[in-house]
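# Working through the structure, step by step
Given next are the chains, with one letter for each unit.
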Amino acid sequence: MSFAPVVSATGLRRTFGAQRAVDGVDLALGAGECLALFGPNGAGKTTLLRLLAGLARPTAGHARIGDVALPEAAARARVGLISHKTMLYEALTARENVRFAADLHGLADPTHATAAVLEALAVAGRADVPVRALSRGMRQRVAVARAVVHAPDVILCDEPYTGLDEVGAAALTALLRARQAAGAALVLVTHHLQEGLALATQVAVMRGGRFVHTAPGRAVDPATFAATYRSLVA
Amino acid sequence: MSAPGLVATALRIARKDLAIEFRTRSAFLSALVLSLLAIVIFYFAWDPTAVGPAVLAPGVLWVTFTFSGLLGLHRSFGVEAEDGAMDALLVAPVPREAIFLGKALANLAFVLGVQAVSLPALALFYNLPVGSAAVPLAAVLVLAAVGLVAIGTLFAGVAANTRLAELLLPVLALPFFVPVVMPAAQATARLLAGRPLAETMDWLRVLIAFDLVFCWACMVVFPHTLDD
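In this text, all values refer to a predicted model and were calculated from it rather than measured experimentally. (Residues numbered from 1 in each chain as written. Chains lettered and ligands numbered in written order. Predicted model: local features only at pLDDT ≥ 70, side-chain atom pairs only at ≥ 80, totals over all residues.)

## Looking at the overall build of chain A
For chain A, the count of helices and strands is eight helices and 10 strands. Relative to the 2.2 N^0.38 estimate, which gives 17 Å for 234 residues, the radius of gyration of chain A is 17 Å and therefore close to what a compact globule would have. In terms of its C-alpha atoms, chain A occupies a principal-axis envelope of roughly 45 × 45 × 40 Å. With 234 residues in all, chain A has 51% of them scored as buried. (Helix = DSSP H or I, 4+ residues; strand = E, 2+ residues; numbered from the N terminus. Rg over C-alpha atoms; globule rule 2.2 N^0.38 Å. Buried ≥ 20, exposed ≤ 12 C-beta atoms within 10 Å, placed from the backbone.)

Rendered as structure tokens:
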């Protein structure tokens, strides 16, 4: 049986002037796999996620979701993006924000999908409150709900735990695990090794736009990896 | 699951933008206040013994509508920039033309709303004989609004990606407003002067031609303005 990646990139490069933000990255993640991506600020992690989301065009190389090249709409339809920015409209309620995303994806039953994902992230009780009146942590939960309401095959997470308290972080981890078990591929960018390693099936350290270290996530000992990481980014 | 079509997506985006504006009312009230203040200032600067109201009013009308409309146009992409919402819109499987169309529809409703309040105020201050020319005047206002909104939406999208969005939008958009405002002002002047409708038709045709050109060109160009 051949390996069919859900998300893949080959020779992916993105330059800004003379600076190579992403410099020849190759990756392939199958269903249910999670790449935990670590690296110092400016390593190119966010740019890589933007390339994988179809938000930025590569200078060279290409990225695919399944067998569809980004940034085709059919590829973007299978992507969910969670960022440290909430990407929400403050004047709309949590429910309206998530429902708007569900509508844009053409879900068959957007009302039910919206209610279900808000329930899963423990936001249902505040669903009809304008986002501007929500705490930072609660906004982040709504942002996660917005990103996964269409049950994407690929979830790209850029510091998704920003602003979340313990309950929110646990709800997010549970949701990501559930999506992973259902076959979604995850790319998780974080500075927190424990959070990343908890879900990872692959780990990578990025520096200067390149993967400078990769390893199978299940085999990684957190303490050993922490020491390796420190030496790589020092 | 299948992504909705261009028109359906555009209507959803327009509805979302109008819902936000309805709740905040920030841009609409600002545009309305600016519009009414401009009418009042022009009125008190006017010497009715030197210039008749039907001569002055078309200029006042179009200066007022042009500048008040800019406020709403800037706001339309401002809401997307607040916390990175534009990225969510771009990741969704929607055609970029639908984003333009949705924003333009919401902006059109905004500009027509400002016009609907400002025009009676102008007629009141200048004692204009709007009644007999109401229907053709309304057609001129709508046609001009379509052109202004198409151009303004394009440049609001361009300016939103810069740090000087509020300053850049008028600098970029105003020169392109001229081909729309010129026939609109000419047609308005003839209608308010009580000239035969036939004299206005040529300017209306020019206005329609510019509308078609600008709507098509702006929708074609807009997707490229969003490239990272």
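Structure's up, so let's keep going.
## As for the packing of helix α3 (residues 53-81) of chain B against helix α5 (residues 96-126) of chain B
All names here are of chain B. Orientation of α3 relative to α5, taken along the N-to-C sense of each, is 150 degrees, at an axis distance of 9 Å. The orientation of α3 with respect to α5, classified from their angle, is roughly antiparallel. As for how α3 packs across α5, the hand of that crossing is right-handed. Residues P53, A57, V60, L61, T64, F65, S68, G69, G72, L73 and S76 of α3 touch α5, and the partners they reach there are K103, A106, N107, F110, V111, V114, Q115, S118, L122 and Y126. Considering only residue class, the contact of α3 with α5 consists of 12 nonpolar, eight polar and one charged. (Axes fitted to C-alpha atoms, helices over the stretch in contact; angles between N-to-C directions. Parallel < 35°, antiparallel > 145°, perpendicular 65-115°, else oblique. Left-handed = near helix turned anticlockwise from the far one by under 90°. Contact = placed C-beta atoms within 7 Å. Nonpolar A, V, L, I, M, F, W, Y, C, P; charged D, E, K, R; others polar.)

## A word on the environment of F44 of chain B
Residues and elements named next belong to chain B. Its place among the elements puts F44 in helix α2 (residues 26-44). C-beta crowding within 10 Å serves as the criterion here: with 7 such atoms nearby, F44 is assigned to the exposed category. Along the sequence, F44 and F125 sit 81 residues apart, while their C-alpha atoms lie 10.0 Å from each other.

## Regarding the sheet that holds strand β4 (residues 60-65) of chain A
Paired through their backbone hydrogen bonds, the strands of a sheet run either parallel or antiparallel. Residues and elements named next belong to chain A. Taking strand neighbours across the sheet as the criterion, the four strands line up as β2-β1-β4-β5 in an open arrangement whose pairing is antiparallel. With one partner strand each, in any of the chains shown, β2 (19-29) and β5 (68-69) form the two edges of the open sheet. One ladder, built from eight bridges, connects strand β1 (residues 7-16) with β2; its direction is antiparallel. Counterpart to F16 in the pairing with β2 is Q19. (Pairing = 2+ DSSP bridges.)

## So, the nonpolar core
One finds L52, V142, A145, L156 and V187 of chain A to be the most contacted residues of the largest nonpolar core, which totals 153 residues. The element best represented in this core is helix α6 (residues 134-160) of chain B, accounting for 16 residues. (Core = buried A, V, L, I, M, F, W, Y, C linked by C-beta atoms within 7 Å.)

## Overview of the packing of α3 of chain B against helix α7 (residues 165-192) of chain B
Residue and element names in this part refer to chain B. At a minimum axis separation of 9 Å, α3 and α7 run at an interaxial angle of 150 degrees. Our classification of the angle between α3 and α7 gives roughly antiparallel. Pair α3 / α7 crosses with right-handed handedness. Seen from α3, the contacting residues are A54, A57, P58, G59, L61, W62, T66, L70, L73 and H74; seen from α7, they are A165, E166, L169, P170, A173, F177, V181, A184, A185, T188, A189 and L192. When grouped by side-chain class, the residues that make up the contact of α3 with α7 number 17 nonpolar, four polar and one charged.

## Side note on the interface of chain B and chain A
Counting from both sides, the interface comprises 25 residues of chain B and, opposite them, 31 residues of chain A. Put simply, the parts of the chain that give the side of chain B that touches chain A at least two residues each are α1 (6-24) and α4 (85-91) of chain B. Among the elements that make up the side of chain B that touches chain A, the one with the highest residue count is α1 of chain B (seven residues). Of the residues assigned to the side of chain B that touches chain A, the class counts are 13 nonpolar, four polar and eight charged.

These results come straight from atomic positions and should not be treated as a statement about function.
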